[in-house]
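One-letter residues, chain by chain:
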Amino acid sequence: MALTQKLELRQSQALVMTPQLMQAIKLLQLSNLDLASYVDGELERNPLLDRASEGEEESPAGGQNGADESAAANGESDRPSDWIGDELETSRGAIEERLGTHLENVFPDDAHLPSAKPGAEPAPIYSEWANTGGGGREDDDYNLEAFISAETTLADHLADQMKLVIADPVRRMIGQYLIDLVDEAGYLNGDLAGVGEKLGAPLAEVEAVLATLQTLDPAGVCARSLTECLAVQLKERDRFDPAMQVLVANLELVAKRDLASLRTLCGVDDEDLADMIAEIRRLNPKPGLAFGSTPVQPIVPDVFVRPGPDGSWVVELNSHTLPKILLNQNYYAEVARTARSDSEKSYLSGCLQSATWLVRALDQRAKTILKVATEIVRQQDAFFARGVQHLRPLNLKTVADAISMHESTVSRVTANKYMATNRGIFELKYFFTAAIAAADGGEAHSAEAVRHRIKQLIDAEASDDVLSDDAIVEKLRAAGIDIARRTVAKYREAMRIPSSVQRRREKQTTLGLAS
């Protein structure tokens, strides 16, 4: 076979992932906090980007500034208010004459102050208001946040107490190392043998220091397990007798409400066992959370949904979560005239292109979120009107086909985005649920609506008629929901609802304690 060379012309289409397209995809799946952080970084890197402001506030006519100017025009100088008087009275006699009584009758703590001699110069007044003419400090480093008291952390609280109970420097070093291993719940994370090996201290000494730390406030701190935490608190209350010790060692039976086994192990009757369980319930399983706990970041919704005047639903974006940036064309034109070298021109061109694409990508992101949210509201209008039991089955393909987008785009839009509705704040992915077939072959039910129905049945059950998973299946099939028992068990465990045996024991225990 002979080898030949020939020239062919072929035309094809391919999707190329340009940097701009990758940037748009990245922005689409960011949350509002991550987006704000990303935009702040771009504002620092790109000199052509500016943050859009709401506009400079102008002083209203006849306001405070106008009053000050008119007062200055009339020759009135700045001075304190009229209630202070034209001259500050600083002598003891003048103050007593003004008050009509002796100074010690009004200010007992100042009774030892000597009276000013006649003709003596008044004592100087040291005041920030006096030094600045009543306008406050003029220093640039004056920060009101410096006057806010710092929150006491658990580590600081334990370290301050350790200084009082441990005097030996070596043991203080071991104690400080152990305090650094305590998490925010108050539990010690780490192996004592490893701590002793790292610090070069014997294990017995490390255990002795830990025993001292466990006597500090709050009670139960520096424990290595829940059993040890409860035991330390019971010892503090002088309630750690042999029966209580056995009860604490079998907390799994307490969780299962296996009262018969607990009575046998502890050797007590029903009344004493109920008192012991009530004593354990009054203890704090996480004593460290009272000190310097991590603040919870509130959820800021990206979309607002509210009922319209005509009965429809109005969907609008949260403008506070949308970064407002502008391309400074004037600055670019000014700098471009002074650019001489090719590197400077290339840098300016790259900054201009990047800024233009970022502004367009942010605008496209906002439009895409609004489009997807509007379609979700249209698909789930029964949920907004009548509640979670009317939530419909919905998948990404249904929304993507309705708005002519790809499923991956809808998936990125619904990630880390939240919607504020008349029924609360929900993640956009909450509205996408699997379908459960109807028993009579009718319209399918949403998995989330079925979970809600299961929780309603369990909450309404009587203490003498606890529903098993099979009984729940029968009730759901009677309501037209075709569901398997293992699916009911899976949904129940996902909602952290115990089994029927545990619920029956819990209700019997509650009735026994109430009686």
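Refer to the structure presented above.
Visitor: Teacher, can you tell me more about the overall build of the protein chain here?
Guide: On a plain count of helices and strands, the protein chain comes out with 24 helices and eight strands. In the protein chain, 60% of the contacts between residues at least 6 apart in sequence involve partners at least 24 apart. About 33500 Å² of surface is accessible on the protein chain, with carbon and sulfur atoms providing 50% of the total.

Visitor: What am I meant to see in the sheet that holds strand β6 (residues 424–427) here?
Guide: Sheet strands pair by backbone hydrogen bonding; their relative direction is either parallel or antiparallel. Taken together, four strands build an open sheet; the order of strands is β3-β2-β5-β6 and the sheet is mixed. Both outer strands of the open sheet, β3 (313–317) and β6, are each paired with one neighbouring strand and no more. Between one strand axis and the next, the sheet turns through 25° on average, direction left out of account. The sheet contact formed by strand β2 (residues 303–307) and β3 spans five bridges and is antiparallel. Each residue of the ladder has a partner; that of Val 305, found in β3, is Val 315.

Visitor: What am I meant to see in a negative patch on the surface here?
Guide: There is a patch of like negative charges on the surface, built from Asp 269, Glu 271, Asp 272 and Asp 275. Residue placement: Asp 275 occurs in helix α15 (residues 270–281). On the basis of relative accessible area, Asp 275 is assigned to the partly exposed category, the value being 43%.

Visitor: Just checking my understanding: could you explain the packing of helix α12 (residues 242–249) against α15 for this structure?
Guide: If you want to describe how two helices pack, look at the angle between their axes and the distance between the axes. Contact pair α12 / α15: the axes reach a minimum separation of 11 Å and the direction vectors enclose 60°. α15 is crossed by α12, and the crossing has right-handed handedness. Of the residues in α15, those in contact with Ala 243, Met 244, Leu 247 and Val 248 of α12 are Leu 273, Met 276, Ile 277, Glu 279 and Ile 280. Taken together, the residues of the contact of α12 with α15 break down into eight nonpolar, no polar and one charged.

Visitor: Honestly, the packing of aromatic side chains in this entry has me stumped. Any pointers?
Guide: Each aromatic ring pair is characterised by the separation of its centres together with the angle its planes make. Counted according to the given criterion, the structure contains nine aromatic pairs. Ring geometry for Tyr 430 and Phe 431: centres 5.6 Å apart, planes at 85°, overall edge-to-face. An aromatic cluster is defined as three or more aromatic residues linked by ring pairs; in this entry it consists of Trp 313, Phe 383, Phe 384, Phe 426, Tyr 430 and Phe 431. The ring of Tyr 491 has Arg 451 sitting right over it, with the charged end atom 4.5 Å from the ring centre.

Visitor: Would you take a moment to explain the side chain of Glu 461 for this structure?
Guide: Turning to its location among the elements, Glu 461 is positioned in the loop between α21 (447–459) and α22 (469–478). There is a polar contact of 2.9 Å between the side chain of Glu 461 and the backbone nitrogen of Leu 467. Excluding its chain neighbours within four sequence positions, the residues that come into contact with Glu 461 are Val 466, Leu 467, Arg 503 and Lys 507.

Visitor: I would appreciate a short explanation of the nonpolar core in the present structure.
Guide: Across soluble globular proteins, nonpolar side chains show a tendency to be buried alongside one another. Within the largest apolar cluster, 24 residues are counted, with the highest numbers of intra-cluster contacts made by Met 419 and Phe 431. Among the secondary structure elements, those contributing two or more residues to this core are β2, α17 (342–379), α18 (381–386), α19 (396–403) and α20 (407–414). Broken down by element, the residue count for this core peaks at five residues, all from α17. Dropping the residues within four chain positions of it, Met 419 is found in contact with Pro 301, Val 303, Val 305, Ala 373, Val 377, Phe 384, Gly 424, Ile 425, Phe 426, Leu 428 and Phe 431. With 20 residues, the next largest nonpolar core counts Ile 166, Ile 174, Leu 216 and Phe 291 among its residues.

Rules and cut-offs
The numbers attached to residues start from 1 for each chain and follow its sequence in the written order. Owing to the predicted nature of the model, reporting of local features is limited to residues with pLDDT of at least 70; listing and counting of side-chain atom pairs is limited to 80 or more, with chain, interface and lining totals taken over all residues. By convention in this description, side-chain values take in all heavy atoms of the structure and omit both hydrogens and water. A run of H or I in DSSP counts as a helix once it spans at least four residues, and a run of E counts as a strand once it spans at least two, with each numbered from the N terminus. A contact between two residues is defined here by any heavy atoms of the two lying within 4.5 Å. Throughout, the Shrake-Rupley method with a 1.4 Å probe supplies accessible areas, and for residues the shown protein chains are the sole cover considered. Between any two strands, pairing holds if DSSP finds at least two bridges. Helix axes are fitted only over the stretch in contact, all axes being lines through C-alpha atoms; the angle between N-to-C directions runs from 0 to 180 degrees. A patch consists of residues exposed above 30% relative accessible area that lack any salt bridge, with like charges linked at up to 9 Å and nonpolar side chains (Val, Leu, Ile, Met, Phe, Trp, Tyr) linked at up to 5 Å. The term salt bridge refers to a side-chain nitrogen of Lys or Arg lying within 4 Å of a carboxyl oxygen of Asp or Glu. We score Asp and Glu as negative and Lys and Arg as positive, and we do not count His or the chain ends. Taken as the charge centre is NZ of Lys, CZ of Arg, CG of Asp or CD of Glu, depending on the residue. Here the term buried applies to any residue with accessible area under 20% of the maximum for its type, exposed to any over 50%, and partly exposed to those in between, with areas from a 1.4 Å probe on protein chains only. When the near helix sits turned anticlockwise from the far one by under a right angle, the crossing is termed left-handed; a clockwise turn instead gives a right-handed crossing. In the scheme used here, Gly and all other residues not listed as nonpolar or charged are polar, with Ala, Val, Leu, Ile, Met, Phe, Trp, Tyr, Cys and Pro taken as nonpolar and Asp, Glu, Lys and Arg as charged. Put simply, two rings from Phe, Tyr or Trp (the six-membered ring, in Trp's case) pair if the centres are within 6.5 Å, and we call them stacked under 30 degrees between planes, edge-to-face over 60, tilted for the rest. Two thresholds decide whether a charge sits over a ring: the Lys NZ or Arg CZ must be within 6 Å of the ring centre and within 35 degrees of the ring normal. Here a polar contact is taken to be a pair of N or O atoms separated by no more than 3.5 Å, where protein atoms must pair a possible hydrogen donor with a possible acceptor and residues adjacent in sequence count only if both atoms sit in side chains. Buried Ala, Val, Leu, Ile, Met, Phe, Trp, Tyr and Cys residues that are joined via side-chain atoms within 4.5 Å together make up what is termed a nonpolar core.

None of the figures reported here should be taken as evidence of function without further support.
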